[in-house]
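# An overview of the molecular structure
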Amino acid sequence: MGGCFSKPKPVEVKIEVVLPEKERAKEEMSPNGKASPLVYKVNGTARHYHLEEHPITINPYQNVKDVVEASVCHVKDLENGQMREVDLGCGKALLIKENGDYYAMGHKCPHYGAPLVKGVLSKGRVRCPWHGACFSIGTGDIEDFPGLDSLPKFQVKIEKEKVYIRASKQALLTQRRTKVMAKCISLSNYNISSTNVLIIGAGAAGLVCAETLRQEGFSDRIVMCTMDRHLPYDRPKLSKSMDSHLDQITLRPKEFFRTNDIEVLTETQVAAVDTKNKTAVFKDGFKMDYNKLLIATGNTPKALSCKGKEVENVFNIRTPEDANRVVKLASSKNAVIVGASFLGMEVAAYLTEKAHSVSVVELEEVPFMKFFGEKVGQALMKMFENNRVKFYMQTEVSELREQEGKLKEVVLKSGKVLRADVCVIGIGASPATGFLKQSGINMDSKGFIVVNKMMQTNTPGVFAAGDAVMFPLALRNNKKVNIPHWQMAHMHGRIAALNMLAHGMEINTVPYLWTAVFGKSIRYAGHGEGFDDVVFQGDLDELKFVAFYTKNEEVIAVASMNYDPIVSKVAEVMASGRVIRKRDVESVCCSKNSVLLVGDI
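Rules used in this analysis
- Residues numbered from 1 in each chain as written.
- Predicted model: local features only at pLDDT ≥ 70, side-chain atom pairs only at ≥ 80, totals over all residues.
- Heavy atoms only, no water.
- Pairing = 2+ DSSP bridges.
- Helix = DSSP H or I, 4+ residues; strand = E, 2+ residues; numbered from the N terminus.
- Axes fitted to C-alpha atoms, helices over the stretch in contact; angles between N-to-C directions.
- Phe/Tyr/Trp six-rings, centres within 6.5 Å; stacked < 30°, edge-to-face > 60°.
- Buried < 20%, exposed > 50% of the residue type's maximum accessible area, 1.4 Å probe, protein only.
- Lys NZ or Arg CZ within 6 Å of the ring centre and 35° of its normal.
- Salt bridge = Lys/Arg side-chain N within 4 Å of Asp/Glu carboxyl O.
- pLDDT = per-residue confidence, 0-100.
- Contact = heavy atoms within 4.5 Å.
- Right-handed = clockwise from strand over helix to strand, strands pointing away.
- Core = buried A, V, L, I, M, F, W, Y, C linked by side-chain atoms within 4.5 Å.
- Patch = residues over 30% accessible without salt bridge, like charges linked within 9 Å, V, L, I, M, F, W, Y side chains within 5 Å.
- Areas by Shrake-Rupley, 256 points an atom, 1.4 Å probe, with all protein chains shown as cover.
- Lys, Arg positive; Asp, Glu negative; His and termini not counted.
- Charge placed at Lys NZ, Arg CZ, Asp CG, Glu CD.

### Overview of the sheet that holds strand β26 (residues 406-412)
Pairing within the open sheet is antiparallel, and its three strands lie in the order β25-β26-β27. Only two strands of the sheet have a single neighbouring strand rather than two, namely β25 (397-403) and β27 (417-419). Across this sheet, the average inter-strand angle for adjacent strands is 30 degrees, counted without regard to direction. Pairing between β25 and β26: six bridges, direction antiparallel. Its bridge partner being in β26, R401 is matched across the sheet by E409.

### Describing the pairing of strand β36 (residues 533-539)
Bridging between β36 and strand β37 (residues 544-551) involves seven bridges; their strand directions are antiparallel. Along β37, the bridge assignment pairs V534 with Y549.

### Side note on the packing of aromatic side chains
According to the stated counting rule, one finds 14 aromatic pairs in the structure shown. Here F368 and F372 contribute two aromatic rings whose centre-to-centre distance is 5.3 Å and whose plane-to-plane angle is 70 degrees, an arrangement assigned as edge-to-face. Judged on exposure class, the residue F368 and its partner F372 are both buried. Considering the side-chain rings of F384 and F391, the 6.2 Å spacing of their centres and the 70 degrees angle between planes classify their relative orientation as edge-to-face. Following the ring pairs from residue to residue traces out a cluster consisting of F342, F368, F371, F372, Y524, F531 and Y549. Positioned above the aromatic ring of F256 is the side chain of R252, whose terminal nitrogen or guanidinium carbon lies 4.5 Å from the ring centre. A cation over a ring is seen here: K390 above Y392, with NZ or CZ 5.9 Å from the ring centre.

### A few points about the pattern of salt bridges
Under the definition given, this model contains 22 salt bridges. For R229, the salt bridge identified is with E321, shortest N-O distance 3.9 Å. In this pair, R229 is assigned in the loop between β15 (222-225) and α4 (237-240) and E321 in helix α7 (residues 320-330), connecting sequence segments 92 residues apart. Accessibility expressed as a relative area gives 34% for E321, which makes it partly exposed.

### As for the confidence of the model for the protein chain
Residues with a pLDDT of 70 or more make up 87% of the protein chain, whose mean pLDDT is 88. Long-range and interchain partners of residues 591-598, a stretch whose pLDDT sits below 50, account for 17 contacts in this model, where long-range means more than four residues apart.

### Regarding the pairing of strand β14 (residues 194-200)
Burial within β14 is extensive, with six of its seven residues counted as buried. Across six bridges, the pairing between β14 and strand β19 (residues 287-295) is parallel. Paired with L198 across the strands is L293, a residue of β19. In terms of strand pairing, β14 meets β15 through four bridges, oriented parallel. The residue of β15 that forms the bridge with V197 is I222. Between the parallel pair β14 and β15, the chain is carried across by helix α3 (residues 204-215), and the sense of this crossover is right-handed.

### Re helix α8 (residues 342-351)
Most of α8 is tucked away, with nine of its 10 residues classed as buried. For α8, the full list of buried residues reads F342, G344, M345, E346, V347, A348, A349, Y350 and L351.

### Comments concerning the nonpolar core
Counting residues in hydrophobic clusters, the biggest one holds 76 residues, and the most contacted among them are V126, L198, L213, L294, I295 and F471. For this core, the leading source of residues is helix α11 (residues 486-500), giving eight residues. Those residues in contact with L294 that lie beyond four places of it in its chain are L198, I199, I200, A205, G206, C209, F463, A464, A465, A496 and M500. Counting residues in hydrophobic clusters, the runner-up holds 51 residues, among them L329, V347, I522 and Y524.

### Notes on a positive patch on the surface
Taken together, the side chains of R325, K328, K333, K406, K408 and R419 define a basic patch exposed on the protein surface. Looking at the positive patch, the elements with two or more residues in it are α7 and β26. Locating R419 in the fold gives a position in strand β27. Residue R419 is classed as exposed on the basis of its relative accessible area of 62%.

Below is the structure:
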């Protein structure tokens, strides 16, 4: 008997896992062995669109040897609104009770493996305590990001007053489920210079767009193109885990793209887009016609403009090779980071155990000043200094000096000269949209692509997503904002895909981001741009705190360290449309010794 709670005599609830993907795919075929196609029209042109069917499964357990069954708890052990992690001997499941009904699914977030039992349960979904991904308790499907996979969903049965779990061992071990995707029809008959959907960029936005199209049954050609030499990978890890090998951070293997007919053109640059003729012109002169276009090109790092900027061993962290090379060069040597940005601070933290010295140069008075505010910035700066990072604030680089062609010193405008064997630049970025200047696609003065709530540009059939866009944020009364973060790029890609299929879906997600340094994570939800006050709970010196960022007496963002799952709770409240007033958080944060509970919001 695994996973039993004490007290009442165990009662059994049966939990039954759905079919593994291969078996499920077989059963989702129509009687003639093919998915039934629907036809939709785009600009008057008929296109095939497959909608997966989900017939009732008579015998979901064809492989009896793969099935495990165990008693888990008494029905009275679980109250409405509660979650329990239950052990089946060969793996665990998350058991949930909401509105009198029982649900069960995988217990780990497929993104980075966070225990969902420590997350937030609200209105039919569970939000991850670490990075904010949301999963439907009814289907296991991912509803908000980051991450690509859903959770295995288990069927719950109650017999008398005993609770049993009956589940696939494979599902318990993998703790993730990739949604069934449509196959491309007659791919071999396509003209190489024509595609139905062209995606420029292969980051999170581009990949999620392609996957969503296939998950929704789209069976026409999809082409992704990227200047990168690699298939899509987990870019945030480049600064958080710098010596990761490519195979450790690749989001999907080659076989995935081949199986799902998503073509990826690497080391390929689009030089111009002719929106009138719906043609993309590549740098080598090749042209490709498209029906729908997604622009997800991201940002280009800003470079230093000082003397010696071309010297060797100066890096922008853009690729796994960049990150790996920096770690190697910094080993037992002197590293200088220019810019106390998220990237810069993460790189500085990572190199402290590798380098002889780590220095950070920044124009502001404290790190993260505009984002987290002065007090949080000071607390984080102190943590870095305690880990032997040296800061040079309110100054900038005037010269990079070399010896035998390689970086030797970084000269600051303050006159200070820093020894440096490697330098990482993290002073911001600009949207990679220069190739669109003659396209007629609406961009603002800084080059950001302007889109509506459905990620549509002003040009029919053209969508944009990710770091290069300005979009209406529902949380801030539809103010047009740019949020260059991983979770948001995922959601942009999904919304763009759904609206390519004319679903009329508007973006309505709460921004959620995180940074990880010295084994600690800061979580953040909302959009705090322009905050006018910060209400604190906890102890900044002890690095256990929650900070509520307010504007005009309303909480617009929250950040925390060692206070999980408060940020996920606030994100869920914001997602529901409720307004959190400054006075509401002040009432429970007024005492330094008080403890803010999730239920207080």
